Amino acid sequence: YRDDDDINDVASMAGVNLNEESARIMATNSDLVGTQIQSCKDEPFLAAIPLHKRILETAKKLGITDVPAEVVTFISHATQNRLRTVIEKVTVITQHRMESYKDDEWYEQATDVRSQLKFFEQLERLEKQRKDEQEREILLKAAKSRSRQEDPEQARLKQKAKEMQQQELAQMRQRDANLTALAAIGPRKKRKLDAPGLLTIGGEGVGVCGGSQAGLGTASPRQYPRQKITRVNLRDFIFYMEQEREMSRSLLLYRALLK
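Reading the values: the criteria
Residues numbered from 1 in each chain as written. Predicted model: local features only at pLDDT ≥ 70, side-chain atom pairs only at ≥ 80, totals over all residues. Heavy atoms only, no water. UniProt positions renumbered as here; feature names shortened; annotations may be inferred. Helix = DSSP H or I, 4+ residues; strand = E, 2+ residues; numbered from the N terminus. Buried < 20%, exposed > 50% of the residue type's maximum accessible area, 1.4 Å probe, protein only. Contact = heavy atoms within 4.5 Å. Areas by Shrake-Rupley, 256 points an atom, 1.4 Å probe, with all protein chains shown as cover. Core = buried A, V, L, I, M, F, W, Y, C linked by side-chain atoms within 4.5 Å. Expected span 1.5 Å × (residues − 1). Salt bridge = Lys/Arg side-chain N within 4 Å of Asp/Glu carboxyl O. Axes fitted to C-alpha atoms, helices over the stretch in contact; angles between N-to-C directions. Left-handed = near helix turned anticlockwise from the far one by under 90°. Nonpolar A, V, L, I, M, F, W, Y, C, P; charged D, E, K, R; others polar.

Within an unreviewed UniProt entry, the label attached to the chain reads TAF4 factor, and the organism entered is Menura novaehollandiae. UniProt, in its Subcellular location (unreviewed entry) section for the chain, records the words "Nucleus". Taken directly from UniProt, the Sequence similarities (unreviewed entry) text for the chain runs: "Belongs to the TAF4 family."

Next comes the structure, spelled out in structure tokens:
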């Protein structure tokens, strides 16, 4: 090796002259240098004719009479880029809102509102049950009374007790009828799972063969992954507009807050 050689210069060690290769490439593709190649047609995101009309209406107010087509295409692409940015940011906000921290080791639950609501619902249910039992006892006492002189209130209680007894009797008959029907049907049989590799089409089994093997295959039916849906609501958009500098004091935000 010469003194000016570098062991890290792999090209010179392999006998390749980069200057000659670059000159050869430039000479071969000289007609393509400086040209722009696109694999697909540049289609605007918005409709060109209505957008051009709107731009002309706005431009006339500012004293501009001519708007070229390149401006319309540029504004269409800018709108598409802006809309994509908004959707991406709002999607991130929605995912943060839907994220659960229960499995996080640093998560410590301070209050459980759901359990508190269930507790209050249970208290209300017990209170309602106690009141119903008290009312039932009053009605039963009124129905068993055999006083000769009955006031209208006593007659009303007796009529209500009679209706309650008829309703309970109807519920008992319905329950007995359901039990009899279930006993007649018999125990429910569990549905047998299909054999692996067996597809059911129109009630007939069709074997799936793999390679050169014949008969029923062992490959399971193709299962497509379910696409996860992210649902964005108005609160996510409001939070996004509050974080944006140009929209935090806009009229659109105040209108959204009033809804």
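We are not done yet, so read on.
1. Thoughts on the overall build of the chain
A count of helical and extended segments in the chain gives 8 helices and 2 strands. If you list the helices and strands of the chain from N to C, you get α-α-α-α-α-α-β-β-α-α. For the chain, the residues scored as buried account for 10% of the 259 residues in total. Contacts spanning at least 24 positions in sequence make up 39% of the contacts within the chain whose residues lie at least 6 apart. Looking at the chain as shown, the accessible area adds up to about 24200 Å², and 54% of this sits on carbon and sulfur atoms.

2. Side note on the nonpolar core
General note: in soluble globular proteins, nonpolar side chains tend to be found buried as a group. The biggest cluster of nonpolar side chains holds 9 residues, and these are Val86, Val90, Ile93, Ile238, Tyr240, Met241, Met247, Leu253 and Ala256. Mapped onto this core, the elements with two or more residues apiece are α4 (69-98), α7 (234-243) and α8 (251-258).

3. A look at the side chain of serine 250
If you trace the backbone, serine 250 turns up in the loop between α7 and α8. The exposure class assigned to serine 250 is buried, which follows from its relative accessible area of 17%.

4. As for helix α6 (residues 152-185)
Here α6 is 34 residues long and its end C-alpha atoms lie 50 Å apart, about the 50 Å a rise of 1.5 Å per residue gives. Within the sequence span of α6, burial applies to Leu157, Ala161 and Met164. Tucked into the core, α6 has its buried residues touching α5 (113-144). Where α6 terminates, the next one or two residues include glycine 186, which has phi positive at roughly 95°.

5. A word on the pattern of salt bridges
Per the counting criterion, the structure on display carries 7 salt bridges. Of the charged contacts in the structure, one is a salt bridge between glutamate 135 and lysine 160, with a shortest N-O distance of 2.8 Å. Placement of glutamate 135 in helix α5 and of lysine 160 in helix α6 is noted, with a sequence separation of 25 residues between them. Residue lysine 160 is classed as partly exposed on the basis of its relative accessible area, which comes to 36%. Among the ionic pairs, arginine 136 bridges to glutamate 168, the shortest N-O distance being 2.9 Å. On the criterion of sequence distance, the pair formed by arginine 136 in helix α5 and glutamate 168 in helix α6 is long-range, its members being 32 residues apart.

6. Observations regarding the packing of α7 against α8
When two helices pack together, their arrangement is given by the angle between the helix axes and the distance between those axes. Closest axis-to-axis distance for the α7/α8 pair is 10 Å, and the angle between their directions is 150°. Relative to α8, the crossing made by α7 is left-handed. Every residue of α8 that contacts α7 at Leu234, Ile238, Met241 and Glu242 is listed here: Leu252, Leu253, Ala256 and Leu257. Class assignment for the residues of the contact of α7 with α8 results in 7 nonpolar, no polar and 1 charged.

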